[in-house]
Amino acid sequence: MAKLVTSLNIPAPDDFYETLIRAHEGLSDEDSAAFNARLILVLANHIGDPEVLGEALEAARKPSR
Amino acid sequence: MLQDRYTLAFRLYPYQRSADQDAPAPVRHPVVVGGCGPIGLAMALDLGRQGIPVLVLDDHEGIGMGSRAICFSKRALEIADRYGCGEAMLDKGVVWNVGKVFHDDRQVFEFNLLPEQGHKFPAFINLQQPYFERFLFEQIEAERARGAPIEIRGRNRIDAVEDMGDHVVLTVTTPDGPYTLEAQWLMACDGANSPIRAMLGLDFEGRVFQDSFLIADIKMTSASFPTERWFWFEPWFKSGASTLLHRQPDDVWRVDFQIGWDVDRKEEMKPENIRRRLDAMLGADVEYEIVWSSIYTFQCRRMRRFTHGRVIFAGDSAHQVSPFGARGANSGMQDIDNLGWKLGLVITGQAPEALVDSYNEERVHGADENILNSTRATDFITPKSKTSHIYRNAVLDLAETLPFARSLVNSGRLSVPCTYDGLSLNGPDQLPGGPARSRTGSACPDAPLGESFLLDRLGNGFVILTIDAEAPDSIEEDGIAARRLALTVKEDPTGALAARYLGAARSAVYLIRPDQHVAARWEKYDDAALRAALRKACGKD
């Protein structure tokens, strides 16, 4: 993991988390999943760097227990 | 008739017939406090120490059983210390710094509050609420011995309140029957279900959370845990949707199980059912005794206004939060800290009544911050939808390996005093390079001063704190005095004073309020500017 930022990079994490959860309010489970997919695509495009995106995909894989 | 609503831990103020009950006409008191819990006791102490006569009425004769609020913050202890009883609380309390967060059977991460050095008080102590109240009561006794005009009447229940504009008329029930009292000011410190609020028909708006929590205070006889705060999300032992373990004095442990909304309270409170949850958690071979147990639900809400004419609400009667973050009793102590000096100046005619309005402005600001933080923690601990549950568990999964996710884990953002940014009493903030933490509106951070601490030296009145700056030893502006506390970085071996009050500045002049909040600050002393700030801080603008 060389380029992916894993330390806190969001200035007000609690504000962000509340906004994120609020954005899902009133959505069905299916609509929430679709919302998440669109959100990830938008963020991925913003990041752009294939190396970072590759590391992010790796980081999100659930650790095997 | 008077009936006990709870059992007492300490019987401290047995009913005694007072002369007021036999007076031909209702006796008028400057301040009557309704409710002798921690907030009512603190109010009595604050006013009594100023020499303002204060009468506290309570429908019981002492302090109720049950540990209840167990987590007291640095700021609450600093306030108690200004009243003279902070050290006794610290001596009895359990100091903790390490917290562990678990999900299912895994430790997600561990944190250390890593308290900053150079403060008289730690970030938190755990102390059963009855002890906290008893220390306040003992301080009242000590102040009374020195002549402080404080009276507490047990088994005096306020049954009717009538606002007469410039005073309040109270009907009080006692074992000898009712009598009538008048109060120039009535302080409603009568708790979350405030009867005074109900008598006045006032609003109380916000969110009710549909969950219940089972508290068990236990004394372990065959095992022990470290002095740490342990929090489980969805614990493997299935005793609750979340579980909290925390140490109290006297080798008592607080265990808190989140048990859901649709529970049969009577059934859950049966000892064998409480034991079933505890045994699953601790293991069947651990022996313990249940000291106290209770089921609670909570709300995050507040009154629209905390002041209604001559009736002022403080503590839980004015605002309620979830317990996550220890923002209940701690914020009530800050209410009293904020109000005490203001009410004192108004009653003695040194400041206009408008000063009391600033209590409403500043403490509503504080309550909103506490409600926001405790609501967020509650939403994280008890997710309300499938999606928010998935996100919550994703945060916990990532937190094991990715540091950023630990910042999102929210099992309670622990209480810190709010800063009165941009509010009416604030004077200028004109210290270029000054640290943000001591900006105008903030509670003064403590700092070591040789054998003593800064907050000890600030005391109770207005203070002109100078660091390597000139200023008169005292000033008086329109009847309000401010005395100087002159400090220098030459006597600051740890550098804490400079770091907390100078930053990049070479000198500083702070005007500090009696509640130890910064009213204004500059680089150098300017007589006209300081006097203007002092007037403003007293509501005279």
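Residues numbered from 1 in each chain as written. Chains lettered and ligands numbered in written order. Predicted model: local features only at pLDDT ≥ 70, side-chain atom pairs only at ≥ 80, totals over all residues. Heavy atoms only, no water.

Chemist: Could you clarify how one ought to interpret the environment of B:Val101 in this entry?
Modeler: Residues and elements named next belong to chain B. Here Val 101 lies in strand 7 (residues 98–103). Among the residues examined, Val 101 registers a relative accessible area of 1% and is labelled buried. Taking the C-alpha atoms as reference, Val 101 lies 30 Å from Ile 79; in sequence the two are 22 residues apart. In this structure Val 101 touches Arg 106, Gln 107, Val 108, Phe 109, Phe 111, Phe 231, Phe 233 and Val 409, once residues within four positions along its chain are discounted. (Helix = DSSP H or I, 4+ residues; strand = E, 2+ residues; numbered from the N terminus. Buried < 20%, exposed > 50% of the residue type's maximum accessible area, 1.4 Å probe, protein only. Contact = heavy atoms within 4.5 Å.)

Chemist: Please clarify how the pairing of strand 31 (residues 518–522) of chain B should be interpreted in this entry.
Modeler: Here is the key point about a regular strand: its side chains alternate between the two faces of the sheet. Residues and elements named next belong to chain B. When you tally the buried positions in strand 31, you get five out of five residues, the bulk of the element. Pairing of strand 24 (residues 429–430) with strand 31 involves two bridges; the strand directions are parallel. Each residue of the ladder has a partner; that of Gln 430, found in strand 31, is Trp 522. Two strands pair when backbone bridges link them, and strand 30 (residues 508–512) and strand 31 are joined in this way by four bridges, in the antiparallel orientation. Residue pairing in the sheet places Leu 511 in a bridge with Ala 520 of strand 31. A loop of five residues connects strand 30 with strand 31, the two strands running antiparallel in sequence, and Gln 516 in this loop sits at a positive phi of about 65°. (Pairing = 2+ DSSP bridges.)

Chemist: Looking at this model, I keep getting lost on the packing of aromatic side chains. Mind explaining?
Modeler: Within a pair of aromatic rings, the relevant descriptors are the distance that separates the centres and the angle that separates the planes. All names here are of chain B. Enumeration over the complete set of coordinates arrives at 24 aromatic pairs over all chains. Ring centres 5.5 Å apart and planes at 40° place the aromatic pair Phe 209 and Phe 298 in the tilted group. In this pair, Phe 209 is assigned in the loop between strand 14 (205–208) and strand 15 (213–220) and Phe 298 in the loop between strand 19 (288–296) and strand 20 (299–302), connecting sequence segments 89 residues apart. Summarising the aromatic geometry, the rings of Tyr 296 and Phe 298 are spaced 6.4 Å apart at their centres and angled 40° between planes, so their arrangement reads as tilted. (Phe/Tyr/Trp six-rings, centres within 6.5 Å; stacked < 30°, edge-to-face > 60°.)

Chemist: Please explain unusual backbone geometry as it appears in this structure.
Modeler: Glycine aside, residues mostly have negative phi angles, and peptide bonds mostly take the trans form. Residue and element names in this part refer to chain B. You will see that Arg 155, though not glycine, has its phi angle at about 50°, which is positive. Take Arg 155: it is sitting in the loop between strand 10 (150–153) and strand 11 (157–163). Its identity is not glycine, yet Asp 251 carries a phi of approximately 60°, on the positive side. For Asp 251, the position within the fold is in the loop between strand 17 (242–248) and strand 18 (252–258). On the basis of relative accessibility, which here comes to 46%, the residue Asp 251 falls in the partly exposed class.

Chemist: For this particular structure, what's the right way to read the pattern of salt bridges?
Modeler: Between side chains of opposite charge, a pair can form as their charged atoms come close. Within this structure, the stated rule accounts for 57 salt bridges over all chains. Between A:Asp29 and B:Lys386 there is a salt bridge, with the nearest N and O atoms lying 3.8 Å from each other. You can see A:Asp29 sitting in helix 2 (residues 29–47) and its partner B:Lys386 sitting in helix 10 (residues 386–399), one on each of two chains. A salt bridge links B:Glu400 to B:Arg106; its shortest N-O distance comes to 2.9 Å. Of this pair, B:Glu400 sits in the loop between helix 10 and helix 11 (403–408) while B:Arg106 sits in strand 8 (residues 106–112), and the two are 294 residues apart along the sequence. Assessed through its relative accessible area of 25%, B:Glu400 is described here as partly exposed. Three or more residues are tied together by salt bridges with common partners; here these are B:Asp46, B:Arg75, B:Glu78, B:Arg82 and B:Asp337. (Salt bridge = Lys/Arg side-chain N within 4 Å of Asp/Glu carboxyl O.)

Chemist: Please clarify how the domain arrangement of chain B should be interpreted in this entry.
Modeler: Residue and element names in this part refer to chain B. Segmentation of chain B into domains returns domain 1 (8–93 + 113–205 + 300–369) and domain 2 (429–537). When each unit is reduced to the centre of its C-alpha atoms, the spacing between domain 1 and domain 2 is 29 Å. Across the interface of domain 1 and domain 2, roughly 1500 Å² is buried in total on both sides, 45% from carbon and sulfur atoms. Inspection of the domain 1/domain 2 interface yields four salt bridges. Close ionic contact of Glu 116 with Arg 437 constitutes a salt bridge, the shortest N to O distance being 2.9 Å. (Domains from an automatic or database assignment. Buried area = accessible area lost by both parts, 1.4 Å probe.)

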